[in-house]
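# Working through the structure, step by step
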Amino acid sequence: MPEQLAESIVQLALRRGFFNPTAEIYRGPAGFYDLGPLGTLMKLNLINYWLDTFVRRETSYEVYLIDGSLILPFEALKASGHVDKFTDPKAECARCGRIHRLDQLIEEALGLKVEGKGIEELQEIVKVHGVRCPSCGGELTSFKEHHLMFKLSVGGGGETAFLRPETAQNIFLNFKRIAYAMRAKLPFAVAQVGKSFRNEISPRQSIIRLREFSQMEIEVFFSPIRGDGPSSFDEVGDTVLRILTREEQRRGDGGEAIELSARDAVEEGIVPNKFLAYYLAKEVRFFQSLGIPPENMRFRHLLPEETPHYSGGNFDLEVKFSFGWKEIVGNAYRRDYDLTVHSKHSGEDLSIDDNGVRVVPHVVEPSFGVERILYAILEHSYREGVRDWPLLMLPRIVSPIKAAIFPLLDRDDLVAKAWEIYTRLRSSRLPIYTVYDERGSIGRRYARADEAGVNLCVTIDHQTLQDNTVTVRDRDTAAQVRVRIDELEELIFNDAYRGLEQ
RNA sequence: GCGGCCGUGGUCUAGCCUGGACUAGGACGUGGGCUUUCCGAGCCCAAUACCCGGGUUCAAAUCCCGGCGGCCGCACCA
């Protein structure tokens, strides 16, 4: 059954224009997807809702929004550690054909630390020490590096640069400029929405693992010595977090998530600080408002071997998909790592004055994967068996089409009236995207609208011509109400915010 | 990247093993027409497909090779 859901979603996405493989007509390389008309609207709505929630309406501190370059120079990514960390040295066994990570192999066999060493050096070590295939003892050949970053050559001199592997680096690189330009005081945050690129070895699962993907990220900068938290922490402190602890993960069965409030999670030392816990709580609320039930969410505390040495704790927000639990938000406590390494490599002082004390701020980073979230929403909205046709019960705020306008019959007077109402709504200053449809029976049009997740269907009938009222049908209940035409605009707008927190 | 299975209109598929009668069939959807007073109604008409390249053959959707893509497993995945 579960795989069938994923299949149904992909079919629907293709059929209705949510997403499709890039350069489909050429069978382009895997890991690239284009968003279609409906997918694009949905993405924009999601981003706007996210910006509203995490940037514009944030009252604990200022959140500055930036838009950085996708291409970053070699030096910046060398400093951040990506050049070394995002390269996997590999070798193949001549006898059994298995492929091994060279660095892991050498560390296991010889106990040598080889982080950051080039492929030639590693090859030399293998030769000198006679390291062989751990599976069959065969000889190692075909040494090569796999770059997880897309390498570019910039300008006439051919300077090396990369497509950014995460949006975060732009924020650290701009830290000093932003802090000065905005006269920022700790704590403050910088947010960014944009594309990132990772040259995955074998991307799969439609838009879940992409080589080019969109991130919505925030870096919160705070004093490492004050030990405070967001001023509005108490507003979300009671939110229940489901945490899959490290102890639970080490159990054979995969473990059970424990439940406790965000406040208790900090007090019991499970989550390292209030800034991180604040975001975990806000994320739960955010995704709940997007129709993902709490029992389908959990925060997995990454194991030490999964996190970089500087990490003060990473908590992945995982959502239960039809094919298993999958990360949709990464929450990292990066301490002062990034600012420190960039300060060291660039020679710039990236400390900041905090009430008379120079400090290098610590950083908490929630990083949202846009396409994964879109997919999660689609899976959680898809219903079969409610109607005689598939129904997409999308969160009203992100659904691409807020209302569809139908003349009940394909009859001149009704069509003219419907078109008049449609053009009026289309000209609205409110963000209410509407469509018009007169083809086929009214039932067929309701079905089409349901499948595209259209929030409301407005039908113009004989009575409209008499008293200027129309019927408005709700997607989720199929219930109809009669409303005056001059109330429509606001009704459609307000309906999109139905059920959201104030 | 390795192994297994797979690739036919927009979607799902029949045909492939056993090459020729395939001018590639069906369902749903789509466009047009008629009809139709609120939940995929009906009738008529139409358009749209053998993933790409090479090979075998008198003849390839069908057999072989390569590429690309998909699914599953392994590996990989801040």
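Scroll up for the structure.
Residues numbered from 1 in each chain as written. Chains lettered and ligands numbered in written order. Predicted model: local features only at pLDDT ≥ 70, side-chain atom pairs only at ≥ 80, totals over all residues. Heavy atoms only, no water.

## A few points about the protein's contact with RNA strand B
Contacts to RNA strand B come from 43 residues, most closely from Arg-27, Glu-327, Ser-441, Tyr-446 and Arg-448. Each atom of RNA strand B within 4 Å of the protein was assigned to sugar, phosphate or base; sugar and phosphate come to 46%. Between a phosphate oxygen of RNA strand B and a side-chain N or O atom of Arg-448, the distance comes to 2.5 Å. Within the side chain of Thr-471, a nitrogen or oxygen atom sits 3.0 Å from a base nitrogen of RNA strand B. (Near = heavy atom within 4 Å. Polar contact = N/O pair within 3.5 Å; in protein donor to acceptor, adjacent residues only side chain to side chain.)

## Side note on the nonpolar core
Core analysis: the biggest nonpolar cluster contains 80 residues, and Leu-46, Trp-50, Leu-241, Phe-286, Phe-287, Leu-290 and Phe-368 have the highest contact counts within it. Here the element with the most residues in this core is helix 12 (residues 274-289); it accounts for 10 residues. Shared between two domains, this core holds at least three residues of each, these being domain 1 (2-68 + 167-381) and domain 3 (401-496). In this structure, Ile-405, Ala-418, Ile-432 and Leu-488 belong to the second largest nonpolar core, which totals 19 residues. (Core = buried A, V, L, I, M, F, W, Y, C linked by side-chain atoms within 4.5 Å. Buried < 20%, exposed > 50% of the residue type's maximum accessible area, 1.4 Å probe, protein only. Helix = DSSP H or I, 4+ residues; strand = E, 2+ residues; numbered from the N terminus. Domains from an automatic or database assignment.)

## Side note on the sheet that holds strand 4 (residues 71-73)
Taken in spatial order, the 3 strands of this open sheet run 4-9-8, and their pairing is antiparallel. Two strands close off the open sheet at either side, each with one partner strand: strand 4 and strand 8 (151-154). Neighbour-to-neighbour, the strand axes of this sheet turn through a mean angle of 45°, independent of strand direction. Inspection of the sheet shows strand 4 paired to strand 9 (residues 159-163) by 3 bridges, in the antiparallel sense. When the bridges of strand 9 are listed, Pro-73 appears paired with Ala-161. (Pairing = 2+ DSSP bridges. Axes fitted to C-alpha atoms, helices over the stretch in contact; angles between N-to-C directions.)

## Some details on unusual backbone geometry
The omega angle of the peptide bond from Leu-186 to Pro-187 is -10°, so this bond is cis rather than trans. Even without being glycine, Arg-335 reaches a positive phi, approximately 50°. Relative to the helices and strands, Arg-335 is located in strand 16 (residues 324-335). Judged by its relative accessible area of 36%, Arg-335 is partly exposed. With a phi angle near 50°, Asn-355 is a residue other than glycine that sits in the positive phi range. Within the secondary structure, Asn-355 sits in the loop between strand 17 (352-354) and strand 18 (357-359). For Asn-355, a relative accessible area of 62% translates into the label exposed.

## Description of the sheet that holds strand 15 (residues 314-321)
Strand order in this open sheet of 9 strands is 3-10-11-19-16-15-14-12-13, and the pairing throughout is mixed. Of all strands in the sheet, those bounded by a partner on one side alone are strand 3 (63-66) and strand 13 (258-261). With direction set aside, neighbouring strand axes in the sheet form an average angle of 30°. Two elements, strand 14 (residues 297-301) and strand 15, share 5 bridges in a ladder whose sense is antiparallel. Bridge assignment links Met-297 to a residue of strand 15, and that residue is Val-319. In the packing of helix 2 (residues 37-56) onto the sheet, the strands contacted are strand 3, strand 10 (188-197), strand 11 (212-222) and strand 19 (362-369), and the crossing angle to strand 11 comes to about 5°. (Contact = heavy atoms within 4.5 Å.)

## Some details on a nonpolar patch on the surface
On the surface, Leu-70, Ile-71 and Val-154 cluster together into a nonpolar patch covering about 210 Å² of accessible area. You can call Val-154 partly exposed: its relative accessible area is 41%. (Patch = residues over 30% accessible without salt bridge, like charges linked within 9 Å, V, L, I, M, F, W, Y side chains within 5 Å. Areas by Shrake-Rupley, 256 points an atom, 1.4 Å probe, with all protein chains shown as cover. Salt bridge = Lys/Arg side-chain N within 4 Å of Asp/Glu carboxyl O.)

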